[in-house]
Amino acid sequence: MLSEVPYSVGTRVVVQGKRGPEVATVRGEAAEPDPRGRYGAVLREASPEDRARWDELHRRGEDLKWLLRARARERALKVKLVAVEFTLDESLVTVSYSADERIELGSLIGELREHTRARVSFAAVGPREQAQMIGTLGACGRENCSSNHLQDFAPVSIRMARDQQLPLNPEKLSGPCGRLLCCLQFEHTQYLDLLADLPRKNAKVCHEGTGACGKVTKLHPLAGTVDVQTDQGPLYGVPASELRRDGPAAPDRAPAPDPEA
């Protein structure tokens, strides 16, 4: 049964996780429930018994992770064991791992059977899921979004960085996981709305105040301005409202399809 009580930030609650009941901490105001009803719903406030059991299961999971890592080395298994996690009712234990190629881990089930009767599930995870489980700091200096509040990983493309006029520097656009920053998608739709009111880069425009004509060299979506290169020299930070189009945009080379991270 779902709880309808609005819990304050910092309260530990029992939620319906992806694999079963889990204990979580409230980090913000309640959002609209997922219409698909998959997971994330708050079931109840965590009792002292729930919290104690969850902390004990977490410790057991950490111990089992190190045990399995040792056994994997003994068997020369080329695998990185990221986490071993129980559900609150201990009906399921999930072993998250990463490997460069398909690998058979069934030999490790016997090791787990000696310590729990829970059903065992192996889950291959990518770099973003690893960062979510381990926890890291983002470029902003705060806890990475995946560990803080993200439930799913939406596709992120280099096009989003282009639309936000960011320098296409892989080191600055990548998170601790080595993939494109998840936060690039947060404001992307707002940038698209702002860009709709600006001329495109390389478009030919004329400044109504000075009459100077030239080509748009840079966009500033948040300020609503552009830079223009004219025969009389560059114009910086010109409001889009002071410009009129002067013929079609200069042809651009068709961009290559953007890979999603």
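Rules of the game
- Residues numbered from 1 in each chain as written.
- Predicted model: local features only at pLDDT ≥ 70, side-chain atom pairs only at ≥ 80, totals over all residues.
- Heavy atoms only, no water.
- Pairing = 2+ DSSP bridges.
- Helix = DSSP H or I, 4+ residues; strand = E, 2+ residues; numbered from the N terminus.
- Axes fitted to C-alpha atoms, helices over the stretch in contact; angles between N-to-C directions.

You'll find the protein chain entered in an unreviewed UniProt entry as Stage 0 sporulation family protein, with Deinococcus petrolearius given as the organism.

A word on the sheet that holds strand E1 (residues 12-16)
With antiparallel pairing, the three strands of this open sheet are ordered in space as E2-E1-E3. Looking at the sheet topology across the chains shown, the edges are occupied by strand E2 (21-25) and strand E3 (42-45). Shown here is a sheet whose adjacent strand axes are inclined to one another by a mean of 35°, direction ignored. Judged from the three bridges that link them, E1 and E3 form a sheet pairing that is antiparallel. Note that in E3 the partner of Val-15 across the bridge is Val-42.

Looking at the sheet that holds strand E11 (residues 243-245)
What links the strands of a sheet is backbone hydrogen bonding, and the strands pair in either a parallel or an antiparallel sense. A sheet is described by the order of its strands in space; here five strands give the open sequence E10-E9-E8-E7-E11, paired in antiparallel fashion. Edge positions in the open sheet fall to strand E10 (233-239) and E11, since each of these has one partner strand only. Taken over all neighbouring pairs, the strand axes of this sheet differ in orientation by 45° on average, direction set aside. Alignment of strand E7 (residues 204-207) against E11, held across three bridges, turns out to be antiparallel. Of the residues in E11, the one forming a bridge with Val-205 is Arg-245.

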